[in-house]
Structures are given as C-alpha cells and as structure tokens.
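# Notes for the structure review
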Amino acid sequence: MADPLFSLEGKVALVTGGSRGLGYQMVKAFAERGADVIIASRKVEACEEVAAEVRAMGRKALAVGAHCGKWDDIDALIEAAYAEFGRVDILVNNAGKGPLTPSHDVPENLFDSVMNLNFKGPYRLAAIIGDRMKKAGGGSIINISSIASLVPMPRVVSYAGAKAALNAMTTSFAREYGPEVRVNAIAAGPFLTDISKAWTEEAREKSDNALGRPGKPEEIVTAALYLASDHSSFTTGSIIRVDGGA
C-alpha cells in the first residue's frame, strides 16, 4: 500500500517529456499513487505506450503529441487536457534539452530551440495552467531545472541560462499564483537517462559530486512526489537540489 503522505488519489497530473527518462519515472510514480496522467512529448506514439502502462494500473491516461517549446502546441495541449479531465492538479515542466557545444559554435537556431524548450514553453504552460489552478482553488507546479543553473558549467551556457530563468520563474510564479498554487523546482544533477548514452563510460560511472556517481532515473521520484503531494503544503518558491551533492 502506498504511503498516505504521497497519495495522489483523485488528482490529475500533466507531465511534459513524459514518455522517457525522468518524466517517465514521474508518470509511473504518480499513477501508482492514484493520479490520472496526461503524457506529452513530440512523439505521440511513445506517449501512447506509456499511457497504456498507466491504464494497466487502473488509472486514466491521455497521450498528446506536442512540441513543448511552441506556444500553439502548448495551448492545444492545455485544451486537450482540460477537455478530457476538466482540470489539472499537478503540472510537471520536464521537457528539455541541453546539447554540449562550445559556446562560440552555437548557431542561432540551436540557441533559440534550447531557450524555447527549457524556458519559453514552461513559462506558457505554468502561466496558463497556474491561472486556472488559482481560480479552481489549488494546484502544484513542478519545474525540472538543472544543477547547471547554479554551478558554472562550460559549453552548456544557453541551457544553464534557460534553467536559471526557470528558477526565477519558479520563485516569481509562487508569489503570483499563491497562496492557492505552489510552484517549486527540482535542480537535477547528472542522471542516467537517454542523454547519458552520449557520455563516456567514465561519466556514466563517476561524477564530480559528493556521492561520486550520476543518479538513477528513479531517484528523482521521491522529490517529485513530495512536491506533488498536499503534504508539502508549506513548500513553495523552492529550488530543491537532487544532484548527489554537486
């Protein structure tokens, strides 16, 4: 039986980038604890596969193909979610990308796509859904940030800047949509998600943090459940580091 502190019975969660990596782990964890889930990413087929897993747990699921850096796609995603469930109680802005590139080699279109997916899209989602949550009387928004926003890291400057903007958005939206809506961020360290396939073997085994290793995707789950649950009712505007002690 799931811990009652983490119960999400009767809740509806929307997770972007929910078909793989950290997003997939959060979708599963939310559904296992009673939430119905909207799974969004560019590849709707991948979302459908995860939705089938959620339905097999006895929960409702909606798969939506959306580019989470484009406002037209985001607005369509929001309307699809509310048409299906009538509300969103938990929003996780997880979709993102941060290619490792020397700063002087970054073309404008790459810079823009990194900013759009990591900041512009989450801004739109959190603003529109945050306003609806406030009017409905409550909700929790969780932005997946990065340790790169807090620790200097070369060759990911546009990504780090976008995530720093996400941190600023988190603290500002906590005031704008509070007290009804809580808005927090998880500053994630290195995790062994799909992106780690491009890392060296050493990077997949060791990391320059207190634990000396990268995280397993499932190790994001407890922080996400804490912030999604009503039992984190006094936590808002926080940037929680889940980074192995970077």
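Everything that follows concerns the structure shown earlier in this document.
A quick note: this is a predicted structure, and the numbers were derived from the prediction, not measured.

The next subject is the layout of surface pockets. One number sums up the size of the largest pocket: a volume of about 1,700 Å³. Lining the largest pocket are 50 residues, and of these Gly-98, Tyr-159, Thr-193, Ile-195 and Trp-199 sit closest to its centre. At the level of elements, helix H1 (21-32), strand S5 (139-146) and helix H5 (157-177) are the ones that each hand at least two residues to the lining of the largest pocket.

Judged by how many residues are buried, strand S2 (residues 36-41) sits mostly within the fold: 6 of 6 residues are covered. Every second residue of S2 is oriented toward a common face, with Asp-36, Ile-38 and Ala-40 on one face and Val-37, Ile-39 and Ser-41 on the other, all of them buried. Bridging between strand S1 (residues 12-16) and S2 involves 5 bridges; their strand directions are parallel. Opposite Ala-13, over in S2, you have Val-37 as the bridge partner. What joins S1 to S2 is H1, and the crossover it makes is right-handed. Alignment of S2 against strand S3 (residues 61-65), held across 5 bridges, turns out to be parallel. Within S3, the position partnered with Ser-41 by the bridge is Gly-65.

Right, let's talk about the pairing of strand S6 (residues 181-188) for a bit. Counting buried positions along S6 gives 8 out of 8 residues, so the element sits mostly inside the fold. With burial as the criterion, each face of S6 is covered, one bearing Val-181, Val-183, Ala-185 and Ala-187 and the other bearing Arg-182, Asn-184, Ile-186 and Ala-188. In this structure, S5 lies alongside S6, joined through 8 bridges in parallel fashion. Looking across to S6, one finds that Ser-146 is bridged to Ala-188. With H5 bridging S5 and the parallel S6, this β-α-β connection has right-handed handedness. As judged from the 4 bridges shared by S6 and strand S7 (residues 239-242), these two strands associate in the parallel manner. Among the inter-strand pairings, Ile-186 is bridged to a residue of S7, identified as Ile-240.

The topology assignment puts Phe-234 in the loop between helix H7 (221-228) and S7. Separated by 168 residues in the primary sequence, Phe-234 and Ala-66 have C-alpha atoms spaced 33 Å apart.

What follows deals with the packing of aromatic side chains. For the coordinates displayed, the defined rule picks out 4 aromatic pairs. Between Trp-71 and Tyr-123, the aromatic rings sit 6.2 Å apart at their centres with planes inclined by 15 degrees, giving stacked as the arrangement. Of this pair, Trp-71 sits in helix H3 (residues 71-85) while Tyr-123 sits in helix H4 (residues 108-136), and the two are 52 residues apart along the sequence. Taking the relative accessible area as the measure of exposure, Trp-71 reaches 33% and is therefore partly exposed. Look at Tyr-123 and you get partly exposed, because its relative accessible area is 35%. Aromatic side chains Phe-119 and Tyr-123 sit 6.2 Å apart centroid to centroid with 55 degrees between the ring planes, which places their arrangement in the tilted category. Pair noted here: Phe-119 and Tyr-123 are both in helix H4, with a separation of 4 residues, about one helical turn.

Definitions and cut-offs
- Residues numbered from 1 in each chain as written.
- Predicted model: local features only at pLDDT ≥ 70, side-chain atom pairs only at ≥ 80, totals over all residues.
- Heavy atoms only, no water.
- 1 Å grid on protein atoms, 1.4 Å probe; cavity = no way out; pocket = protein on both sides within 12 Å on 5 of 7 lines; lining within 4 Å.
- Points joined across faces, edges and corners; volume = space filled by probe spheres on them.
- Helix = DSSP H or I, 4+ residues; strand = E, 2+ residues; numbered from the N terminus.
- Buried < 20%, exposed > 50% of the residue type's maximum accessible area, 1.4 Å probe, protein only.
- Pairing = 2+ DSSP bridges.
- Right-handed = clockwise from strand over helix to strand, strands pointing away.
- Phe/Tyr/Trp six-rings, centres within 6.5 Å; stacked < 30°, edge-to-face > 60°.

As far as function goes, none of this settles anything; it's purely spatial.
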